[in-house]
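# Structural features, examined
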Amino acid sequence: MEARMHLVQILLPRSDNAGEPFANDDFDRVKDELAATFKGVTAYFRTPAEGVWKPGKQSDTDEIVIFEVMTDEVDLPDWQRRRAELERRFRQDEIIIRYLPMALV
């Protein structure tokens, strides 16, 4: 029987709302915090993804960095605390953290 796991993804913007890029140290801090808590972390730095959303009639875009960790259990209160802290540090109204069930092949 395969072990149930979850893949947790954190989507962080490369720049603040004024277009000022965040320092690499800001992302390294997130990577280090996740690596210290989980068995490992994958960080997609070099090829930022582009997010597009429509808050109204116009579209907005962001370049984002994605962090991924695998975990046996998802501690929702802990992730909600982490999200609130990241929203504060990255000066965002909302940071997306999502999790998906997964299994290793």
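Residues numbered from 1 in each chain as written. Predicted model: local features only at pLDDT ≥ 70, side-chain atom pairs only at ≥ 80, totals over all residues. Heavy atoms only, no water.

## A short note on the pattern of salt bridges
- A complete count under the given rule lists 9 salt bridges for this structure.
- Across the salt bridge formed by E85 and R89, the nearest N and O atoms sit 3.8 Å from each other. In this pair, E85 and R89 are both assigned in helix α2 (residues 76-89), 4 residues apart and thus about one turn of the helix distant.
- Residue classification places E85 among the partly exposed positions, given a relative accessible area of 25%.
- Among the charged side chains, a network of salt bridges with common partners joins R29, E33, E85, R88 and R89. (Salt bridge = Lys/Arg side-chain N within 4 Å of Asp/Glu carboxyl O. Helix = DSSP H or I, 4+ residues; strand = E, 2+ residues; numbered from the N terminus. Buried < 20%, exposed > 50% of the residue type's maximum accessible area, 1.4 Å probe, protein only.)

## Concerning α2
- Taking 1.5 Å of rise per residue, 14 residues should cover 20 Å, and α2 covers 20 Å from first to last C-alpha, within 8% of that figure.
- What α2 keeps buried is the set D78, W79, R82, L86, E87 and R89.
- Just beyond α2, the residue with positive phi is R91, at close to 50 degrees. (Expected span 1.5 Å × (residues − 1).)

## Examining the confidence of the model for the protein
- Here the protein averages 88 in pLDDT, and 82% of its residues register 70 or above.
- The secondary structure element of the protein with the lowest average pLDDT is strand β2 (residues 42-53), at 71, and the one with the highest is α2, at 97. (pLDDT = per-residue confidence, 0-100.)

## What about the environment of I96?
- Of note, I96 is situated in strand β4 (residues 96-102).
- Taking the C-alpha atoms as reference points, I96 and L86, 10 residues apart in sequence, are found 9.8 Å from one another.
- Setting aside chain neighbours within four positions, we find I96 in contact with Q9, I10 and L11. (Contact = heavy atoms within 4.5 Å.)

## Let's talk about the side chain of T71
- Tracing the backbone shows T71 in strand β3 (residues 60-71).
- A polar side-chain atom of T71 sits 2.9 Å from the main-chain carbonyl oxygen of E73.
- Residues within four places of T71 in sequence aside, it is in contact with M5, H6, V8 and F38. (Polar contact = N/O pair within 3.5 Å; in protein donor to acceptor, adjacent residues only side chain to side chain.)

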